[in-house]
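Survey of secondary and tertiary structure
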Amino acid sequence: MDKKAQIQTMETILVLFVFFILLALAMIFYVAYSNSQSERNLINTMDILSGELALTVSNLPELHSSQQGVGGINNLDSYKIQALYNVISSDEDARLVYISRFGESKIIIKEIYPSQKNWTVYDNSPENTEEIDFVRPFFIPITIHEPSDNLNSIGKNVFGILEVWYYG
Amino acid sequence: MRDNNTTNHMNNLKNNNHAAIQVSLHWLFVMVVGAVILIFFLSIVMQQRRISEENQLFELRNTMNSYIEGGRGLDRGLISVSTFGAEIEYECSLIGVGCSCNLIFNNKISLNLDNNVVFAPSDLGEDNIFLSTSPWRSPYKVTNFVYLINPEERFILVYDSSDSSLKKKVEDIFYNELPDSIDKQLIPSSLREPIEFKDLNFPRRKVIIFGKLPNNVPPQLPEFANNKNTFIVNIPFVLAESDKVNFYSYNELTDRFEPETQSFYVGDSSLIGSFYIDNSQNYDCAMQKAFLNLHTVNKVMRERTKLLSGLSHCSTFYGDSQIELFDEIRKLTKDPSNWAQIDFPKLLNNFDKLKQQNNIIEGQGCPLLY
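About the thresholds
Residues numbered from 1 in each chain as written. Chains lettered and ligands numbered in written order. Predicted model: local features only at pLDDT ≥ 70, side-chain atom pairs only at ≥ 80, totals over all residues. Heavy atoms only, no water. Axes fitted to C-alpha atoms, helices over the stretch in contact; angles between N-to-C directions. Helix = DSSP H or I, 4+ residues; strand = E, 2+ residues; numbered from the N terminus. Left-handed = near helix turned anticlockwise from the far one by under 90°. Contact = heavy atoms within 4.5 Å. Nonpolar A, V, L, I, M, F, W, Y, C, P; charged D, E, K, R; others polar. Buried < 20%, exposed > 50% of the residue type's maximum accessible area, 1.4 Å probe, protein only. Pairing = 2+ DSSP bridges. Disulfide = S-S within 2.5 Å. 1 Å grid on protein atoms, 1.4 Å probe; cavity = no way out; pocket = protein on both sides within 12 Å on 5 of 7 lines; lining within 4 Å. Points joined across faces, edges and corners; volume = space filled by probe spheres on them. Salt bridge = Lys/Arg side-chain N within 4 Å of Asp/Glu carboxyl O.

Right, let's talk about the packing of helix α2 (residues 78–90) of chain A against helix α4 (residues 280–308) of chain B for a bit. The description of two packed helices rests on the angle between their axes and on the distance between the axes. The N-to-C vectors of α2 of chain A and α4 of chain B enclose an angle of 120°; their axes lie 8 Å apart at closest approach. Where α2 of chain A crosses over α4 of chain B, the two elements pack in a sense that is right-handed. Each of Tyr 79, Lys 80, Gln 82, Ala 83, Leu 84, Asn 86 and Val 87 of chain A in α2 of chain A lies in contact with α4 of chain B, whose residues at this interface are Lys 299, Val 300, Met 301, Glu 303, Arg 304, Leu 307 and Leu 308 of chain B. When the residues that make up the contact of α2 of chain A with α4 of chain B are grouped by side-chain class, the tally is eight nonpolar, two polar and four charged.

Next comes the structure, spelled out in structure tokens:
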């Protein structure tokens, strides 16, 4: 009887040992799966935040082209783009306001047709952007309104793109 | 022989007892291990449940952020946002010279609203909430004000019936500015007699009184409304572009509504904003942020005017006199935390002058100032 009970206890310990090994294996797989899932979630979140920031920028009254306060959809004013760039580069208070709004990001407005022009309106990228491989740019097609001048009495609209890199 | 039998019997009994104890110990061991395994799995389930709840709150937080950010681009809109049963609170606190406003979800996760101008009651409930927007212009568009409305709140608009000019303005606000989805009622009153309205079992109510109150004392409300869940907003001169807003809250000790604080509205959007708050500090913070936005946008508009002065055919419209108007607005709004001290008539005068300049430029076919 004594030996039988000892054998039974040993059996139970063995079963538990195998059970815990299987459990540990399952945990290792689960943690690996969960890590890859979190990485994917992080990329998705960064994509969403980039999109939101791009939407915010395209709707900024400081950039939006308007006729008596009525603006077009995704239509930016070329003079406002330059003015915002000048203000952010020269006015520290204004720069702080935009840092709290845009965070660590880079906002580029590109004119792509008929001519090519670039404005890096805001750049607060972290130092080692090469190391952050999960950040992807978000693009929004826009039109840029160039106010009237000697050649165009009513001004003209040109095609462009808004490029936003959001780092967090 | 008899002695041997007795000894054997004793030995058998001893062995049996020993075996029984070992079997019991074996089962005890199995039960302890079983309990440990059960506790282990239960703790995993509990942890997963907590993580899942937190994820849901984060999802809700991000959704609210998207709606509020999106609201900045939508001039006039109203949407209903599901809160999935999460309790949402709105809180503003003074930090240094500035102000910080947060939405707090289930007392666990918070969303900082940065420079978004949001008007909301302290308790947004735990059901759907309405999000509505309205542009704030001065005279160029500065930002969109975002209003978060608790559908469990009732709005009673009372106006001084003796002032005929008030009726049109208040009706315009009632029918065109306040969304139809909320529960609202319009009541003409002498502002001296008690105000009568029915109890529709709303947990919260806001009484907005247009017109000058006799001795600055609000009229008596029905008995069911005399409690902490009722908040009174008084706008003595609603026809003005900018004027005072008085907030009254219920004092349990005196059993009366007593003045909480006095503030100001600038334009209809901020007037409407005062209807949705139930705490004067939250209103003050929202307006601070509005003036911070105005100050920043004004800098960009000034810089744009300077750039436009380079246009040879229109340069006369973007000279020093126009830039001075922007400079004046910049000086008046340089300290947004003290926005209530601004010389509002002077500020509004500058807005009017900018409007006039814009109208003149429009007639000449040159780029507008805004």
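What follows is about the environment of Ile 272 of chain B. All names here are of chain B. As for its position among the elements, Ile 272 is in helix α3 (residues 268–276). Residue class for Ile 272 comes out buried when judged on its relative accessible area of 2%. Here the alpha-carbon distance between Ile 272 and Glu 177, two residues 95 residues apart in the chain, equals 7.6 Å. For Ile 272, the contacting residues outside a window of four places in its chain are Tyr 147, Ile 173, Glu 177 and Leu 178.

To continue, consider the sheet that holds strand β3 (residues 98–105) of chain B. Residue and element names in this part refer to chain B. Read from one edge of the open sheet, three strands run β2-β3-β4, paired in antiparallel fashion. Both outer strands of the open sheet, β2 (88–95) and β4 (109–112), are each paired with one neighbouring strand and no more. Strand-to-strand twist across the sheet, computed as the mean angle between neighbouring axes with direction ignored, equals 30°. Relative to β4, β3 runs antiparallel, the two sharing four bridges. By the bridge assignment for β4, Asn 102 is matched with Asn 112.

All names here are of chain B. Per the stated rule, a full pass over the model turns up three disulfides over all chains. Residue Cys 99 pairs covalently with Cys 285 via a disulfide, S to S 1.7 Å. With Cys 99 in strand β3 and Cys 285 in helix α4, the pair connects residues that are 186 residues apart, well separated along the chain. What makes Cys 285 buried here is its relative accessible area of 0%. Sulfur-sulfur distance for the disulfide between Cys 314 and Cys 366 comes to 1.9 Å. The sign of the S-S torsion, about -80°, decides the handedness of the disulfide formed by Cys 314 and Cys 366: left-handed. Here Cys 366 lies in the segment after α6 (344–364) and Cys 314 lies in the loop between α4 and α5 (320–332), a separation of 52 residues in the sequence.

For the rest of this paragraph, the subject is the pairing of strand β3 (residues 105–113) of chain A. Residue and element names in this part refer to chain A. Pairing of β3 with strand β6 (residues 156–166), which is carried by eight bridges, proceeds in the antiparallel orientation. Bridge pairing in β6 links Glu 111 to Gly 160. With six bridges joining them, β3 and strand β4 (residues 117–123) adopt antiparallel strand pairing. Within β4, the position partnered with Lys 106 by the bridge is Asp 123. The turn linking β3 back onto β4 is made up of three residues.

Residue and element names in this part refer to chain B. Taking strand neighbours across the sheet as the criterion, the four strands line up as β1-β6-β7-β5 in an open arrangement whose pairing is mixed. Of all strands in the sheet, those with a lone pairing partner are β1 (78–81) and β5 (118–119), marking the two edges. Bridging between strand β6 (residues 129–137) and strand β7 (residues 141–149) involves eight bridges; their strand directions are antiparallel. Within the sheet, the bridge partner assigned to Ser 134 lies in β7 and is Phe 145. Docked against the sheet, α3 engages β5, β6 and β7, running at close to 20° with respect to β7. In the packing of α4 onto the sheet, contacts are made with β5, β6 and β7, and the angle to β7 comes to roughly 160°.

Turning our attention to the layout of surface pockets. The calculated volume of the largest pocket comes to roughly 640 Å³. In this structure, the largest pocket is lined by 23 residues; those nearest its centre are Asn 41 and Thr 45 of chain A together with Asn 55, Phe 58 and Glu 59 of chain B. Of all the secondary-structure elements, those providing two or more residues to the lining of the largest pocket are α1 (2–58) of chain A together with α1 (2–71) of chain B. Among the residues making up the lining of the largest pocket, the classes are represented as seven nonpolar, 14 polar and two charged. If you go around the second largest pocket, you meet 21 residues; those closest to its centre are Val 97 of chain A together with Gly 98, Asn 115, Leu 292 and Pro 336 of chain B. Secondary structure elements with two or more residues in the lining of the second largest pocket: α3 (92–102) of chain A together with β3 and α4 of chain B. If you tally residues by element for the lining of the second largest pocket, the top one is α4 of chain B, at seven residues. Partitioned by chemical class, the residues of the lining of the second largest pocket number eight nonpolar, seven polar and six charged.

Facing the 43 residues of chain A at the interface are 47 residues of chain B. Here Arg 304 of chain B ties to Asp 77 of chain A by a salt bridge, and the two come within 2.9 Å at their closest N and O atoms. Of all the elements in the fold, those that place two or more residues in the side of chain A that touches chain B are α1, β1 (64–67), α2 and α3 of chain A. Residue composition of the side of chain A that touches chain B, grouped by class: 19 nonpolar, 15 polar and nine charged.

Counted according to the given criterion, the structure contains 24 salt bridges over all chains. In this structure, Arg 302 of chain B and Asp 327 of chain B form a salt bridge, with 2.5 Å as the shortest nitrogen-oxygen distance. Residue Arg 302 of chain B is located in helix α4, and its partner Asp 327 of chain B is located in helix α5; the two are separated by 25 residues in the primary sequence. When the shortest N-O distance is used, the salt bridge between Arg 330 of chain B and Asp 327 of chain B registers 3.5 Å. Of this pair, Arg 330 of chain B and Asp 327 of chain B both sit in helix α5, three residues apart, which is roughly one turn of that helix. Since its relative accessible area comes to 15%, Asp 327 of chain B is described here as buried. Look at the salt bridges and you will find they share partners, linking Glu 111, Lys 117, Glu 146 and Lys 156 of chain A into a network.

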